[in-house]
Amino acid sequence: MTDATMSSVTAPPPVPTGRRGPVGSFLVHAALIAASIAMIYPLLWMISASVRPEDEIFASTSLWPSSVDFSSYVRGWFGLDVSFGRFFWNSLVIAVLTVVGNVVACSLAAYAFARLRFAGRNFWFAVMLGTMMIPYHVTLIPQYVLFLDLGWVNTFLPLVVPKFLASDAFFIFLMVQFFRGIPRELDEAAMMDGCGAWRIYWKIMLPLSLPVLATAAIFSFIWTWDDFFGPLIYLNDMNSYTIQLGLRTFVDSSSTSDWGGLFAMSTLSLVPVFFFFLFFQRLLIEGIATTGMKR
Amino acid sequence: MAAVQDTAVAVGTGASSRPAAQGRLARIWASHGAGYMFLLPWLIGFFGLTLGPAIASLYLSFTNFDLIRAPEWIGTANYARIATADPKFAAAVKVTFLYVVLSVPFKLAFALLVAILLDRGVRGLTVYRAIFYLPSLLGGSVAIAVLWRQLFAGDGLINSLLAQFGIEGPSWISHPDYSIWTLVVLSVWQFGSPMIIFLAGLRQIPTDMYEAASLDGASKFRQFYKITLPLLTPVIFFNAVVQTIDAFKAFTPAFIISGGTGGPINSTLFYTLYLYQEAFGNFRMGYASALAWILVLIIGLFTAFSFLTSRYWVHYDD
């Protein structure tokens, strides 16, 4: 045993560990490809169903339609009293405002926690971390009463204003971690040159933090786009519905027999998220890997 | 801060009559004021949207409140009813626990298995990773829940596929014994984000440990059992806690798939769905507040329990 170990220390093992042989490699790929197909099959089936002639939708499990027909998209788009264009626009407005609010408010707070010295900083930082543990159900009902009293129900304000008050503490935490990695010499030098905290934040921290700001912005957008619960509670008038509420109404409406239209609108509702995923995949995956973001 | 400094300068210069006191004020402002200026939006949010509502919610949980009349204090009656006289609460807790216990282990097992397959020397890693992660990103949306409802319908795609193997599937959605599985499968399908965290964790394990082990003749399985698994326990623990808390809070799929009812026979009545029904369907805001606090208690107890037991199976380097 000792001899074997000694000899292999001097002569490196022939097959590097961690690499698989050809057979193992084939098996791994076969398993991965099978799993990949199972994973995306439902999505592809939905897209395929959205361009199928109506009578063919549930007829086959095949992904290939016998003929391609986009009329489902037209029917779906105008299938409710309010068109899906309106729902998309509403979702877009809310998502964009949320992104702006989250990035601005969370980066302000994160800068204070990461760089400024003030009495009570550690205390507030601990409080901020603590708020991440509280499930939203606890504050849900009083918040609803508050927004109802303010006359904000049925407007976008309850969905957007909290974001400008840095209510997504998770993003603050993310940014604090990033800001701490930026060399302190930079802002110390700027301070020597007479820059105030505001200029340091604006001219040094933000430009150097584009990766973390982008991650926060992208996740904000996607989560807001997908959010169902918030709009469900606060938006009652169909003109103010988001895409998620529009879809749900479409399911419940008398036109439920219009599966083609439903799948067409479902497919469209996923398009923005899919594009973000396509363009920012690396950023999103790094964001998850390093911070363990949920979902 | 430009504005802040201007103010500080203005205070300093304009106060020639009492220079000492004003100067000290300016210095205090310059060192602490800036911090609080930057923190102001968050502070307003914390008091107005978190602390204030949390206190109000605790108060409301001891009242009858229907949004129209003022809250009426009824002591612990809400909690008493939850504990003794509410079959729907019991049903919701049972369904939610079932969902957590079924979905989280399956999800983590898949995530770990795929992460290990992807970990070393797989060509096309980024493509596979993207495909496996995509459902996690789309999964929370109504479209996916709608799709799932059709896939698992009595004459839906799943049963058509089963039929090709000669299996006659049940009508998953409308049968109380099977409906929960529809939701479990949907959750497991979204194993992508724990998978990515597992992948990152696997990268941290030094390859020379495996080299040494294989030189000693340890089989792949033994290496997994003796090296990978123990060194990965912190990541497994993290994923388990995050996924479990998320599972407790699940709402959209159950709402869409059951049409908001939690049926058939309360078999998909997730806790959050019941809370929503009580608050915004029946306008029992006080009762729903009590339900919310019970949920916090359940999640808190669970988290505490996880951390207490973690010392027996989670290995940290130091």
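Residues numbered from 1 in each chain as written. Chains lettered and ligands numbered in written order. Predicted model: local features only at pLDDT ≥ 70, side-chain atom pairs only at ≥ 80, totals over all residues. Heavy atoms only, no water.

Under the convention used in this document: UniProt positions are given in the numbering used here, feature names are shortened, and annotations may be inferred rather than shown by experiment.
Going by what an unreviewed UniProt entry lists, chain B is known as ABC transporter permease subunit and is assigned to Rhizobium meliloti. A UniProt comment under Subcellular location (unreviewed entry) is attached to chain B, and it reads "Cell membrane". Taken directly from UniProt, the Sequence similarities (unreviewed entry) text for chain B runs: "Belongs to the binding-protein-dependent transport system permease family."

By the naming in an unreviewed UniProt entry, chain A is ABC transporter, permease, taken from Sinorhizobium meliloti. Check the Sequence similarities (unreviewed entry) section of the UniProt entry for chain A; it says "Belongs to the binding-protein-dependent transport system permease family." The Subcellular location (unreviewed entry) comment attached to chain A in UniProt states, word for word, "Cell membrane".

## Some points on the pattern of salt bridges
Test applied: We define a salt bridge as a side-chain nitrogen of Lys or Arg found within 4 Å of a carboxyl oxygen belonging to Asp or Glu. Here a strand is any run of E in DSSP of at least two residues, a helix any run of H or I of at least four, and the numbering for each starts at the N terminus. Burial here depends on accessible area, computed with a 1.4 Å probe over protein chains only, as a share of the maximum for the residue type. Under 20% is buried, over 50% is exposed, and the range in between is partly exposed.
Applying the stated criterion to the full structure yields 7 salt bridges over all chains. Between Arg75(A) and Asp258(A) there is a salt bridge, and its shortest N-O distance comes to 2.7 Å. Taken together, the positions of Arg75(A) in helix 3 (residues 71-77) and Asp258(A) in the loop between helix 13 (243-252) and helix 14 (259-291) put the pair 183 residues apart, joining distant regions of the chain. With relative accessibility at 35%, the residue Arg75(A) sits in the partly exposed group. The exposure class of Asp258(A) is buried, given its relative accessible area of 12%. In this structure, Glu278(B) and Arg284(B) form a salt bridge, with 2.6 Å as the shortest nitrogen-oxygen distance. Residue class for Glu278(B) comes out buried when judged on its relative accessible area of 4%.

## Regarding the layout of surface pockets
Operational definition: A pocket here means an open set of points on a 1 Å grid, computed over the protein atoms alone, that has protein on both sides within 12 Å along at least five of seven lines. A cavity is instead a set of points where a 1.4 Å probe fits but cannot get out; residues with an atom within 4 Å of a point line either one. Grid points are joined across faces, edges and corners, and a volume is the space filled by probe spheres set on the points. Here the nonpolar group is Ala, Val, Leu, Ile, Met, Phe, Trp, Tyr, Cys and Pro; Asp, Glu, Lys and Arg are the charged ones; every other residue, Gly included, is treated as polar.
The computed volume of the second largest pocket comes to approximately 620 Å³. In terms of lining residues, the second largest pocket is bounded by 25 residues, among which Ala38(A), Met39(A), Ile158(B), Val185(B) and Trp189(B) are the most central. Every element with two or more residues in the lining of the second largest pocket is listed here: helix 2 (22-50) of chain A together with helix 4 (87-119), helix 6 (142-151), helix 7 (157-164) and helix 8 (179-189) of chain B. The element that contributes the greatest number of residues to the lining of the second largest pocket is helix 2 of chain A, accounting for 6 residues. Here the residues of the lining of the second largest pocket are counted per class, giving 25 nonpolar, no polar and no charged.

## Observations regarding the side chain of Thr139(A)
Going by this rule: In this description, contact between two residues means that some pair of their heavy atoms is separated by no more than 4.5 Å.
The topology assignment puts Thr139(A) in helix 6 (residues 137-149). According to the relative accessible area criterion, Thr139(A) is buried, its value standing at 9%. Ignoring anything within four residues of it in the chain, the contact list for Thr139(A) reads Leu49(B), Thr50(B), Pro53(B) and Ala54(B).

## Points about empty space enclosed by the protein
On inspection of all chains with the given rule, the structure shows 4 cavities of 30 Å³ or more. Approximately 50 Å³ is the volume found for the largest cavity. Taken together, Arg248(A), Val251(A), Asp252(A), Arg149(B), Phe255(B), Ile256(B), Gly259(B) and Gly260(B) make up the full set of residues lining the largest cavity. Listing elements by their share of the lining of the largest cavity, those giving two or more residues are helix 13 of chain A together with helix 12 (252-257) of chain B.

## A short note on the UniProt feature "transmembrane region" (unreviewed entry) in chain B
Residue and element names in this part refer to chain B. The positions that UniProt labels "transmembrane region" (unreviewed entry) are, in the present scheme, residues 34-60, 97-118, 130-148, 178-202, 223-242, 254-276 and 288-308. Here residues 130-148 runs as 84% helix and 0% strand, with 21 Å between its end C-alpha atoms. Helix makes up 100% of residues 223-242 and strand 0%, with an end-to-end C-alpha separation of 27 Å.

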